[in-house]
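Chain residues, written in single-letter form:
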Amino acid sequence: MSEILVLHYSRTGKVAQLARLVARGVAEVAGMQARLRSVPPVAPVTTAAEPPVPDEGAPYVTREDLRDCAGLILGSPTRFGNMAAPLKHFLDTTGAEWASGTLAGKPAAAFTATNTMHGGQETTLLSMMLPLLHHGMLIVGLPYTEPALNRTVSGGSPYGASHVGGADGAHALSEDERELARALGRRVADVAARLARGA
């Protein structure tokens, strides 16, 4: 089985929910499975190192996860129209993988969550794509052939899957948001499978 790395940072749990749905979509493609991984939090002043395995949720990502994956899907909450610092910090440490071409030619995508409708979802998705382009990855989005993209009144765009949590963060993922997250996983897994077959 080939694996798609679903790498995310989640503060309130909404991005983690999207990550699990993306992973479910990956698994819907024959011969593909998802590897869920997260990144540790960062702080201006670090008093202690994070444990090598988090207390709950997906394990922290390793260099081997990047090397072994057939594709990469990044997820982050929006921070002022940009990805959250923990994910950016991890990506900033991937210079060796960039130099060796570890991720070059592999498909990639992104997903995010915000509390407000105009909280910068699309710019956050684009901010995650920039380092992926520098790594030589092939960006995969969501086309309007996905019916939910035409129906959604909350999250989801051609740039990737997303969720709008509401000002208090209490909104559950809508059916369209859930469907688009799975579709994103399927699309990346399908592209990876086609590349592996030489199709």
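Thresholds, definitions, all that
- Residues numbered from 1 in each chain as written.
- Predicted model: local features only at pLDDT ≥ 70, side-chain atom pairs only at ≥ 80, totals over all residues.
- Heavy atoms only, no water.
- Helix = DSSP H or I, 4+ residues; strand = E, 2+ residues; numbered from the N terminus.
- Axes fitted to C-alpha atoms, helices over the stretch in contact; angles between N-to-C directions.
- Parallel < 35°, antiparallel > 145°, perpendicular 65-115°, else oblique.
- Left-handed = near helix turned anticlockwise from the far one by under 90°.
- Contact = heavy atoms within 4.5 Å.
- 1 Å grid on protein atoms, 1.4 Å probe; cavity = no way out; pocket = protein on both sides within 12 Å on 5 of 7 lines; lining within 4 Å.
- Points joined across faces, edges and corners; volume = space filled by probe spheres on them.
- Nonpolar A, V, L, I, M, F, W, Y, C, P; charged D, E, K, R; others polar.

Chemist: Please explain unusual backbone geometry as it appears in this structure.
Modeler: Negative phi is the rule for most residues except glycine; trans is the rule for most peptide bonds. In this structure, Phe-80 is a non-glycine residue whose phi angle is positive, near 55 degrees. Turning to its location among the elements, Phe-80 is positioned in the loop between strand 3 (71–79) and strand 4 (82–83).

Chemist: Looking at this structure, I do not really get the packing of helix 1 (residues 14–27) against helix 7 (residues 175–197). What am I missing?
Modeler: Packed helix pairs are characterised by how far apart their axes lie and by the angle those axes make with each other. With their axes 6 Å apart at the nearest point, helix 1 and helix 7 run at an angle of 45 degrees to one another. In terms of orientation, helix 1 and helix 7 fall into the oblique class. Crossing angle aside, the handedness with which helix 1 passes helix 7 is right-handed. Contacts between helix 1 and helix 7 involve Leu-18, Leu-21, Val-22, Arg-24, Gly-25 and Val-26 from the former and Glu-177, Arg-178, Ala-181, Arg-182, Gly-185, Arg-186 and Ala-189 from the latter.

Chemist: How should empty space enclosed by the protein be read in this particular structure?
Modeler: Remark: the empty space left among the atoms is shown by a probe the size of a water molecule rolled over them. Evaluated as defined, the whole model comprises 1 cavity of 30 Å³ or more. Looking at the largest cavity, its volume works out to about 30 Å³. If you go around the largest cavity, the residues you meet are Leu-66, Leu-72, Phe-90, Leu-91, Thr-94, Leu-103, Leu-132 and His-135. Its residues placed into classes, the lining of the largest cavity shows 6 nonpolar, 2 polar and no charged.

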